[in-house]
Amino acid sequence: MIRHLNVRTSKRTEFVDITQDIQALIDDSGIKEGVCYVYVPHTTAAVTINEGADPSVKRDILMMLEKLVPERAGYAHMEGNSDAHIKSSLIGASEVIIIEGGRLQLGTWQSVFFCEFDGPRHRRVVIKIVGD
Ligand code: ZN
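Q: With reference to specific residues and values, describe the coordination of the zinc ion.
A: Within the first shell, the zinc ion binds the protein through H77 (NE2), E79 (OE), N81 (OD1) and H85 (NE2), at distances of 1.9 to 2.2 Å. With four donor atoms in place around the zinc ion and angles of 91 to 149° between them, the coordination shape is irregular. Along the chain, the residues that donate to the zinc ion are spaced as H-x1-E-x1-N-x3-H.

Given below as structure tokens:
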């Protein structure tokens, strides 16, 4: 089955923890064993799995992305958001997470983050849950 999550971002760049929203969709699905595809259908956003316990980790990732890909660097793209497009490709548009016992098989410190690079906006995440 396919589901959507709506994500409302509030800053130009930010990581939004969507782990519990995805788990809620799996709970609703009743699927106990399988895989969950998380897909971001946007060109200036992404999805990643990383540490959710210490919020300074996501701040450090965003800080280094900003250093690697500054907002202004003489880009050709007229819309003025090339840095967001580049960050989207660096981080990637999808993740796959294994479901076992009805739970996302994430590590103790892992969370799933929607990555906003050109907000604030209303965003959508496509979730596909496939049972064994
Ligand atoms: Zn653009």
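Back to the write-up after that little detour.
Q: Pulling in residues and values, what's your account of the pairing of strand β8 (residues 122-131)?
A: Two faces belong to every sheet, and in a regular strand the side chains alternate between them. Where strand β1 (residues 2-8) and β8 come together, seven bridges link them in antiparallel fashion. Within β8, the position partnered with V7 by the bridge is R123. Direction of pairing for strand β3 (residues 34-39) relative to β8: antiparallel, over a ladder of six bridges. Among the inter-strand pairings, Y39 is bridged to a residue of β8, identified as V126.

Q: Describe the pattern of salt bridges, and please don't skip the residues or the numbers.
A: In total, this model carries eight salt bridges according to the counting rule given. Through salt bridges with shared partners, a single ionic network connects R12, E66, E71, R72, D83, K87, D118 and R121.

Q: I'd like a rundown of helix α1 (residues 19-29), residues and numbers included.
A: By the burial criterion, the buried members of α1 are T19, I22, Q23, L25, I26 and S29. In a view along the axis of α1, the buried residues occupy a sector of 155°, so they form one face of it. Exposed side of α1, more than 90 degrees from the buried face: Q20 and D28 are the residues found there. Two residues or fewer past α1, G30 is found with a positive phi of approximately 75°.

Q: Could you give an account of the sheet that holds strand β7 (residues 110-116), naming the residues involved and the relevant values?
A: Taking strand neighbours across the sheet as the criterion, the three strands line up as β2-β7-β4 in an open arrangement whose pairing is antiparallel. Each end of this open sheet is capped by a strand with a single partner; those strands are β2 (14-17) and β4 (45-51). Shown here is a sheet whose adjacent strand axes are inclined to one another by a mean of 35°, direction ignored. Of the pairings in the sheet, the one linking β4 to β7 comprises seven bridges and is antiparallel in character. When the bridges of β7 are listed, N50 appears paired with S111. Across the sheet, helix α2 (residues 55-68) touches β2, β4 and β7, and the angle it forms with β2 is around 145°.

Q: How would you explain the side chain of R123 if you had to name every residue and give the values?
A: Locating R123 in the fold gives a position in strand β8. Residue R123 is classed as buried on the basis of its relative accessible area, which comes to 5%. At 2.9 Å, the side chain of R123 forms a polar contact with the side chain of T44. A polar atom in the side chain of R123 sits 2.7 Å from the side chain of E116. Not counting the four nearest positions on each side in its chain, R123 is found in contact with L5, N6, V7, H42, T44, A45, F114, E116 and D118.

Cut-offs applied
Residues numbered from 1 in each chain as written. Predicted model: local features only at pLDDT ≥ 70, side-chain atom pairs only at ≥ 80, totals over all residues. Heavy atoms only, no water. Donors = N, O, S within 2.8 Å, 3.2 Å for Na, K, Ca; no water. Tetrahedral: all angles 85-135°; square planar, octahedral: opposite > 155°, others 65-115°. Pairing = 2+ DSSP bridges. Helix = DSSP H or I, 4+ residues; strand = E, 2+ residues; numbered from the N terminus. Salt bridge = Lys/Arg side-chain N within 4 Å of Asp/Glu carboxyl O. Buried < 20%, exposed > 50% of the residue type's maximum accessible area, 1.4 Å probe, protein only. Arc of directions from axis to C-beta. Axes fitted to C-alpha atoms, helices over the stretch in contact; angles between N-to-C directions. Contact = heavy atoms within 4.5 Å. Polar contact = N/O pair within 3.5 Å; in protein donor to acceptor, adjacent residues only side chain to side chain.

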